[in-house]
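Coordinate analysis (summary)
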Amino acid sequence: AAGNISNPKYTFDKVKDLALAHYKTLVDIQIRSQITYDGIESILKSRVTPYFKNVPVANIDNAMWHKYKEHILNKYPNATRGTLHQYKNAVRVVLNEAYRRGIIKQVPTFKDEYKSKRIEMPRPWFTSAEYSKLHPTILAHAEYLRKVDRRQYEHAMELYDYVIFGTNTGMRVGEMNNVRFCDIDIAVDKLNGKKFLIISNIKGKRGTGTCQSYYGAVKAFESRVEARGINDPKKSQEKLFLIHHRVMFNKILERTGLKWAKTNPPAKRDFVSLRSTYICFRLLNGVPVFEIANNCRTSVAVIENSYARY
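The text that follows walks through the structure, step by step, so that each part is easy to find. Here the structure is a predicted model, which is why all the values come from computation and not from measurement. (Residues numbered from 1 in each chain as written. Predicted model: local features only at pLDDT ≥ 70, side-chain atom pairs only at ≥ 80, totals over all residues. Heavy atoms only, no water.)

**Notes on the overall build of the chain**
A tally of helices and strands in the chain yields twelve helices and three strands. Counting only C-alpha atoms, the chain reaches 65 × 45 × 45 Å along its principal axes. By the burial criterion, 44% of the 310 residues in the chain qualify as buried. The long-range fraction of contacts in the chain, counting pairs at least 24 apart against all pairs at least 6 apart in sequence, stands at 64%. In the form shown here, the chain has an accessible surface area of approximately 17200 Å², with 50% of it arising from carbon and sulfur atoms. (Helix = DSSP H or I, 4+ residues; strand = E, 2+ residues; numbered from the N terminus. Buried < 20%, exposed > 50% of the residue type's maximum accessible area, 1.4 Å probe, protein only. Contact = heavy atoms within 4.5 Å. Areas by Shrake-Rupley, 256 points an atom, 1.4 Å probe, with all protein chains shown as cover.)

**Thoughts on unusual backbone geometry**
If you check the backbone angles, Asn 201 has positive phi at about 60 degrees while not being a glycine. Mapped onto the secondary structure, Asn 201 falls in strand β2 (residues 195-204). Overall, Asn 201 belongs to the partly exposed group, its relative accessible area being 25%. A positive phi angle is found at Arg 297, which is not glycine, with a value near 55 degrees. Inspection of the secondary structure assignment puts Arg 297 in the loop between α11 (289-295) and α12 (300-305).

**Some points on the nonpolar core**
One finds Leu 134, Phe 165, Ile 199 and Phe 249 to be the most contacted residues of the largest nonpolar core, which totals 43 residues. Mapped by element, the contributors of at least two residues to this core are α5 (128-148), α6 (150-169), α7 (173-178), β2, α8 (217-228), α9 (246-256) and α10 (272-284). Looking at this core, the element that brings in the most residues is α6, giving nine residues. In contact with Phe 249, not counting residues within four places along its chain, are Phe 126, Leu 134, Leu 159, Val 163, Asp 270, Phe 271 and Leu 274. (Core = buried A, V, L, I, M, F, W, Y, C linked by side-chain atoms within 4.5 Å.)

**Some points on helix α3 (residues 62-75)**
Between its first and last C-alpha atoms α3 spans 20 Å; for 14 residues at 1.5 Å apiece the expected length is 20 Å, and the two agree. Among the residues of α3, Met 64, Trp 65, Tyr 68, Lys 69 and Ile 72 are the ones counted as buried. Buried residues of α3 fall within an arc of 145 degrees about the axis and therefore sit on the same side. Every exposed residue of α3 that faces more than 90 degrees away from the buried side is listed here: Lys 67, Glu 70 and Asn 74. Tucked into the core, α3 has its buried residues touching α2 (34-52) and α4 (81-100). (Expected span 1.5 Å × (residues − 1). Arc of directions from axis to C-beta.)

**Concerning the packing of aromatic side chains**
Under the definition given, this model contains 16 aromatic pairs. Relative to Tyr 68, the ring of Phe 52 lies with its centre 5.0 Å away and its plane at 45 degrees, an arrangement referred to as tilted. In this pair, Phe 52 is assigned in helix α2 and Tyr 68 in helix α3, connecting sequence segments 16 residues apart. Taken together, a centroid distance of 4.9 Å and an interplanar angle of 75 degrees make the contact between Tyr 162 and Phe 241 edge-to-face. On the criterion of sequence distance, the pair formed by Tyr 162 in helix α6 and Phe 241 in the loop between α8 and α9 is long-range, its members being 79 residues apart. No difference in accessibility class separates Tyr 162 from Phe 241, as the two residues are buried. Through a chain of ring-to-ring contacts, the aromatic side chains of Phe 12, Tyr 51, Phe 52, Trp 65, Tyr 68, Tyr 87 and Phe 110 assemble into a single cluster. Here Arg 47 stacks its cationic end above the ring of Tyr 76, 3.8 Å away from the centre of that ring. (Phe/Tyr/Trp six-rings, centres within 6.5 Å; stacked < 30°, edge-to-face > 60°. Lys NZ or Arg CZ within 6 Å of the ring centre and 35° of its normal.)

In short, geometric facts, not functional conclusions.
Now the structure itself:
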């Protein structure tokens with residue numbers, strides 16, 4: 001561990017517990033989101049606290065941050081700038097708590113230097129042709145599993161619905177993992193008579209919000225209702241999706257040649273690409289940027305500067 005013990009009463013580990021407890025109260029009153037809390041807690045316990053554990057918070061400064069960053073890069077050479085930024089934010093949560101309690105007089109500034117300018121790039125989307133290839137591949141995989149492993153077949157069908165739901169709602173991965181049957185209502189478009197979903201109580205990085213789906217999400221929702229035997233979805237607090245099928249999804253992406261996009265440099269696709277696909281499809285269909293941003297609980301600037309480039 002770094003540093004030396006000059007005041008064990010206010011070590012990083014001690015203040016970390018206080019910081020998480022305070023952050024949890026903000027989650028309880030919906031000022032902060034549960035997903036963000038879970039991420040901060042995980043990072044603090046797995047990668048940050050083991051290094052800073054016995055260091056007095058008053059000793060943590062920019063120089064110590066850079067030593068920690070060198071430690072991480074030596075141990076995990078492929079750590080990205082975004083990953084380091086998450087670690088920095090986790091450290092700041094603890095230091096902000098120390099400042100709030102008067103343990104330190106000011107929160108130190110961590111100044112990073114990078115050789116190149118960071119470009120905001122979302123996960124690559126699936127083009128119409130790629131998306132059309134992805135769908136039948138998941139379904140074919142499910143049909144194969146039906147004959148050899150019933151449980152895995154059910155997992156594959158849940159993945160199939162998960163992909164459709166994600167690309168027709170634009171919800172973040174964490175938001176989809178938390179959505180419940182009771183959060184969803186089926187509505188009818190008065191202009192064309194088609195059904196769509198109204199999803200409420202969406203818990204994500206920006207707190208709690210709502211969204212309206214595109215038409216394709218209805219079939220995925222109804223498929224989950226039937227598969228799970230939910231008699232009254234509005235009274236069910238069960239989660240819509242039970243398992244995060246990351247391993248199966250990655251295998252299918254690799255099998256279809258869709259794991260890496262044809263960008264320069266090549267960018268990998270994962271579940272986050274489902275949200276990117278929703279946004280890009282809506283842009284191509286002429287939906288106003290403000291409407292997309294509002295429905296995705298993000299800013300117009302993010303849509304224009306990131307997704308619109310595709």
